[in-house]
Structure formats: C-alpha cells, structure tokens
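These are the residues of each chain, in order.
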Amino acid sequence: MVECFRADLMEVDFVERNGDTWTEKYRPKDLASISHQEEVVAMLQNALKGKDLPHLLFYGPPGTGKTSAALAFCHELFPSKAVFKDRVLEMNASDDRGIAAVREKITFFSRRAVSTAAKNMPSFKIIILDEVDAMTKVAQSAMRRIIEDCSGTTRFILICNYVSRLFAPIVSRCAKFRFKPLPKEAQAERLHTICENENTKVSVDELHALVERSEGDLRRAVGSLQAMAPILQHANADERAEYFLPSYNPQLVETIVRSIKKSKTSEIIDLSKRVSKECSGVNFFKVLFDQLLDEDVINNKNIGQIGKLVSLCEKRILDGCDLQRNLLDFMLNLRTTL
Ligand SMILES: Nc1ncnc2c1ncn2[C@@H]1O[C@H](COP(=O)(O)OP(=O)(O)OP(=O)(O)O)[C@@H](O)[C@H]1O
Ligand SMILES: [Mg+2]
C-alpha cells in the first residue's frame, strides 16, 4: 500500500529564492539558455524526451550553471507551477539541523503521493540536493541509504564543487557530469547584457576586470555587479578603478612568496587553509605563479618543474579535486624545489 501523507502534516521547506537578486532574475530559465555546458545540456534534453532519468551528480567550479541546469531541467519536465511544487524538492545537504532533518524531509517528500492528473509526465519526483560535499562522511554514508530507499519514487540530482570529497558509493550510484569554467568572453558578454537591461554603464575593460576578479564564478560576478551598480553611478575614475581591483588578497600572495622557504609544515598547512577560504580557484595559482616570477623565486633553473606543478594543480581543481589539498600539495612541493 502506498503510504500517503497529508501535506499539512509536515512542512517541507523549499530553498528560498530571492527574485530581487540579479542572480535569480538572470538565471537561465530553460536548458537552451545554459551556455558552454553542451554535454550535460544534451543529456538533459534527451532525458526530457525519454522521461526517464538516472540519479545525477553535477560537479565543478562555483557559478558555472549547476543549480541553474538542475532547475531549468525540472521546470521543463514539470512546466506547471503546481506540478513543479508537487514534484521537485530543492534543498541544501549541509542543512544546519543535520542528517536526521535531511532524512526526515527527504523521506516525507519521496513517500508523499503525487497527483496523477498530470498526463505525459514521468511518475518520479526529483530532489535537488546542493552542497553534498559539505556533508560529513557519516552523513554521506546515511545519504547513500536514503538514496537507495527512495529510488522507487525519486531521482536525485546531487550538486557539489569537489567530487573528490564525496563518498565513493554515492558517486558510483550517479551519472556524473562535470561543469566546465565558462570562457571569460562568455562571462563578460553575459554581464554586458545584464548591464544593458539594468541601465548600468560599465566599460568593456571594467567587465573584464570583474570577470578576473570573480575567478570564473559568474554568480559572484553578477552579485558584485548588482552591489556595485548604485555606487558606480556617482563614482569618479579613481574610485571605479578601485572597485574593479582583483578580489584575492595581494598580501596573502606576498606572504606565501616570502615565507614558503622557511615555514614549517604546520605553518604551511595553516596558510593553505587561509588561502583556500579567500580564493575560489585556479586564478589564484596564475597570480601566484606570476608573482613568484616577479620576485625571482622562479628562475631559469626551476621554471619547468614549478610550471608543471602549477598546471597539475590547476587540472586537478578543474577536475573537481579539493582546492585546499591542492594548495597544500603545491606549497609543500614548491618548498622542496626552492
Ligand atoms: N552556464 C551558464 N549559462 C548561463 N548562465 C550562467 C551559467 N553559469 C552561471 N550562470 C549565471 O550565474 C548565475 C549562477 O549560476 P548557478 O547558481 O547555476 O551556479 P552554480 O554552478 O550552481 O554555482 P555554485 O557552485 O556556487 O552553487 C546564474 O544566475 C546565471 O546568471
Ligand atoms: Mg549552485
């Protein structure tokens, strides 16, 4: 017998989306508007035709369209607002209340009977679970069982930045899709369109500076643009130049350059933790590499070896490996090279 819960017996929290933010306002509404993620978009468009779906895992750097793709897919699959609400649950896996609360919400949602009135629609429900990599190992192991228990009625779209932080049995239950960093030109174009719509005057150079500053995270760039827009209207040229400075902390780069040779391992571990909180990706490696060159830390003798180290770490990060571990690996290797 299908267990049927009354919706009012338990409140299901949907992730609140604030439509006033430009991130929400300019979030792609359909799959065709998701740019530069051809592989996952083609797979999702096929799934729309076939109406069946494996569990999915979207991973990749911040602000590259993971949440947007998951939402756009669900909206195309369940175009009616009422059906969407009935069939799609979006939540953060790192819910403060812990795995018990997540389990309760998911179990309730996946067992709830769905309206059968919707014709030509798949019978399953979808749970979009964001930030899965923020869950502890114990919670992830519990999550694996939850996924198994709910698979009869529910498909999961798991989302994370770093796939290397996930418990292997969760990864193996999903079809994996890596979201690539968006080309800088495409990001600048998107920002330009937003500026035009919002009547905000920002030069091409400023937009490119903003893209650099946001380290490939388009959401961060759109958010910064919205925050800066009212100030920019009255800013003079010097002030504008300051607003578009790089977001990484130049002092932090200097600290690394100065201290890497003489620091103890424990200090390097601390430094890698600090840096990983203040930067979001590979751009930091590029800046660091340039500065190491300027400071003659990198010279003709070691440039090949250090260049290899940088590109290896960049590749690993783009493949979804943990940023802090790569920073640590880079710094420790650099220390032995110098
Ligand atoms: N591939 C893309 N195509 C079009 N717009 C995009 C794309 N990626 C990001 N954006 C823009 O950036 C904003 C944020 O995208 P989204 O929330 O989907 O990123 P995300 O990958 O889920 O990031 P995070 O890992 O930080 O959660 C969107 O509102 C949209 O305007
Ligand atoms: Mg997201």
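Residues numbered from 1 in each chain as written. Chains lettered and ligands numbered in written order. Predicted model: local features only at pLDDT ≥ 70, side-chain atom pairs only at ≥ 80, totals over all residues. Heavy atoms only, no water.

Peer 1: Could you clarify how one ought to interpret the overall build of the chain in this entry?
Peer 2: Across its full length, the chain carries 16 helices and five strands. Long-range contacts, defined as pairs at least 24 residues apart, comprise 77% of the intrachain contacts of the chain with a sequence gap of at least 6. As presented, the chain carries roughly 17,500 Å² of accessible surface, and 52% of it is formed by carbon and sulfur atoms. (Helix = DSSP H or I, 4+ residues; strand = E, 2+ residues; numbered from the N terminus. Contact = heavy atoms within 4.5 Å. Areas by Shrake-Rupley, 256 points an atom, 1.4 Å probe, with all protein chains shown as cover.)

Peer 1: When you look at the sheet that holds strand 2 (residues 88-92) in this model, what are you seeing that I'm missing?
Peer 2: Backbone-to-backbone hydrogen bonds join strands into a sheet, with any given pair of strands oriented parallel or antiparallel. Here we have five strands laid out as an open sheet, ordered 2-3-4-1-5, and parallel in their pairing. Of all the strands in the sheet, the pair left with one neighbour each is strand 2 and strand 5 (175-178). Neighbour-to-neighbour, the strand axes of this sheet turn through a mean angle of 15 degrees, independent of strand direction. Packing of helix 2 (residues 38-50) onto the sheet brings it into contact with strand 1 (56-59) and strand 5, and relative to strand 1 it is tilted by some 155 degrees. Of the strands in this sheet, strand 3 (125-130) and strand 4 (154-160) are in contact with helix 6 (residues 137-150), which crosses strand 4 at around 150 degrees. (Pairing = 2+ DSSP bridges. Axes fitted to C-alpha atoms, helices over the stretch in contact; angles between N-to-C directions.)

Peer 1: When you look at the site of ligand 1 in this model, what are you seeing that I'm missing?
Peer 2: Taken together, the neighbourhood of ligand 1 is formed by 20 residues, with Thr23, Gly63, Lys66, Ser68 and Arg219 sitting nearest. At 2.8 Å from an oxygen atom of ligand 1 is found a main-chain nitrogen or oxygen belonging to glycine 63. Taking serine 68, its side chain carries an N or O atom lying 2.6 Å from an oxygen atom of ligand 1. A total of 640 Å² of accessible area belongs to ligand 1 in isolation, and the protein chains cover 96% of it. Elements represented by at least two residues in the shell around ligand 1 include exactly helix 3 (66-77) and helix 10 (218-232). For the shell around ligand 1, the leading source of residues is helix 3, giving three residues. Broken down by class, the residue content of the shell around ligand 1 amounts to six nonpolar, 10 polar and four charged. Residue-level mapping places the shell around ligand 1 at the junction of two domains, with at least three residues from each of domain 1 (7-178) and domain 2 (184-243). (Near = heavy atom within 4 Å. Polar contact = N/O pair within 3.5 Å; in protein donor to acceptor, adjacent residues only side chain to side chain. Nonpolar A, V, L, I, M, F, W, Y, C, P; charged D, E, K, R; others polar. Domains from an automatic or database assignment.)

Peer 1: Help me understand the pairing of strand 4, please; the structure alone is not making it clear to me.
Peer 2: Within a regular strand, the side chains alternate between the two sheet faces. With respect to burial, strand 4 is a largely interior element, seven of its seven residues being buried. The alternating pattern of strand 4 places Thr154, Phe156, Leu158 and Cys160 on one face and Arg155, Ile157 and Ile159 on the opposite face, and all of these are buried. When strand 3 meets strand 4, the two strands line up parallel, connected through five bridges. Opposite leucine 129, over in strand 4, you have leucine 158 as the bridge partner. (Buried < 20%, exposed > 50% of the residue type's maximum accessible area, 1.4 Å probe, protein only.)

Peer 1: What's the story with the pattern of salt bridges in this structure? I'm lost.
Peer 2: According to the stated counting rule, one finds eight salt bridges in the structure shown. In this structure, glutamate 198 engages lysine 25 in a salt bridge whose closest nitrogen and oxygen atoms are separated by 2.6 Å. A residue pair is termed long-range when its members are at least 10 positions apart, and glutamate 198 in the loop between helix 8 (184-197) and helix 9 (204-213) and lysine 25 in helix 1 (residues 22-25) qualify at 173 residues. Under the relative-accessibility criterion, lysine 25 is labelled partly exposed at 44%. Note that arginine 316 and aspartate 329 form a salt bridge whose closest N and O atoms lie 3.0 Å from each other. Here the residue arginine 316 occupies a position in helix 15 (residues 303-318), and aspartate 329 occupies one in helix 16 (residues 323-337), the gap between them amounting to 13 residues. The exposure class of arginine 316 is partly exposed, given its relative accessible area of 27%. (Salt bridge = Lys/Arg side-chain N within 4 Å of Asp/Glu carboxyl O.)

Peer 1: Would you explain the environment of arginine 178 in this entry?
Peer 2: With respect to the helices and strands, arginine 178 occurs in strand 5. When the C-alpha atoms of arginine 178 and leucine 318 are compared, they prove to be 8.9 Å apart, with 140 residues separating the residues in sequence. Once residues lying within four places of it in the same chain are set aside, the contact partners of arginine 178 are Gln37, Tyr59, Leu318 and Asp319.

Peer 1: I would appreciate a short explanation of helix 9 in the present structure.
Peer 2: Those residues of helix 9 that sit buried are Glu206, Leu207, Leu210 and Val211. When helix 9 is viewed along its axis, its buried side chains cluster within an angular range of 145 degrees and face the same direction. Taken together, the buried residues of helix 9 touch helix 8, helix 10 and helix 11 (237-243). (Arc of directions from axis to C-beta.)

Peer 1: Explanation requested: the environment of arginine 335 in the structure shown.
Peer 2: Relative to the elements of secondary structure, arginine 335 occurs in helix 16. Filtering out sequence-adjacent residues up to four positions away, arginine 335 remains in contact with Ile260, Lys261, Ser263, Lys264, Thr265 and Ile268. Polar contacts involving the side chain of arginine 335 include one to the side chain of threonine 265, which spans 3.0 Å.

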